Amino acid sequence: MEKQMKADREKRASILLAEGEKQAAITRAEGEKESAILRAEAVKEQKIREAEGQAQALLLVQKAKADSIRLINDAAPTQNMLALRSMEAMERVADGKATKIIVPSDMQNLAATVSAIKAVAGDAGAAAAAK
């Protein structure tokens, strides 16, 4: 009888120990699951916020470009001013490390115009010096 009671106690102890280990494993797994879900949600939120930030930055850049174009149009620049700005832009392009520069056809006409103006100014200067 004593042996049977001892065996029953050991059996119950083993069962309780196994159930405790089972419950601990379940609790650990649930904790890992919740942790993984929270990490995934954090990554998702981070990506969403980064994308929203990039979208806002692009929007601000495009708005600034639109505003600058609007200001230029409101100022009603002359053709000569636009030509001068084009030449300044070409100068900056030529200072770069580019090995080839493609010049628009209207820029070639502009260069000829500038050369003609210099020639006329030179003739006028020579005539004034002769007097």
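What counts and what doesn't
- Residues numbered from 1 in each chain as written.
- Predicted model: local features only at pLDDT ≥ 70, side-chain atom pairs only at ≥ 80, totals over all residues.
- Heavy atoms only, no water.
- Helix = DSSP H or I, 4+ residues; strand = E, 2+ residues; numbered from the N terminus.
- Buried < 20%, exposed > 50% of the residue type's maximum accessible area, 1.4 Å probe, protein only.
- Areas by Shrake-Rupley, 256 points an atom, 1.4 Å probe, with all protein chains shown as cover.
- Expected span 1.5 Å × (residues − 1).
- Salt bridge = Lys/Arg side-chain N within 4 Å of Asp/Glu carboxyl O.
- pLDDT = per-residue confidence, 0-100.

Each helix and strand counted, the protein chain has three helices and zero strands in total. Ordering the α and β elements of the protein chain from the N terminus gives α-α-α. Residues counted as buried form 2% of the 131 residues belonging to the protein chain. A total accessible area of about 11800 Å² is found for the protein chain, and carbon and sulfur atoms account for 60% of it.

Okay, helix H1 (residues 2-75) next. Owing to its 3.6 residues per turn, the α-helix brings residues three or four apart onto one side. In this model H1 runs 108 Å from its N-terminal to its C-terminal C-alpha over 74 residues, within 8% of the 110 Å that 1.5 Å per residue would give. Looking one or two places after H1, you find Ala-76, whose phi comes out positive at around 50°.

Now for the pattern of salt bridges. Counting across every chain of the model gives four salt bridges. For the salt bridge of Glu-45 with Arg-49, the shortest nitrogen-to-oxygen distance reads 2.9 Å. Separated by four residues within a single helix, Glu-45 and Arg-49 lie in helix H1, roughly one turn from each other. Taking the relative accessible area as the measure of exposure, Glu-45 reaches 37% and is therefore partly exposed. A salt bridge links Asp-67 to Arg-70; its shortest N-O distance comes to 2.7 Å. Pair noted here: Asp-67 and Arg-70 are both in helix H1, with a separation of three residues, about one helical turn. A residue is classified by how much of its surface remains accessible, and Asp-67, at 27% relative accessible area, is partly exposed.

Now for the confidence of the model for the protein chain. Confidence in the prediction for the protein chain averages 82 pLDDT; 73% of positions are at 70 or higher. Confidence, expressed as mean pLDDT per element, reaches its minimum in the protein chain at helix H3 (residues 105-130) with 59 and its maximum at H1 with 95.

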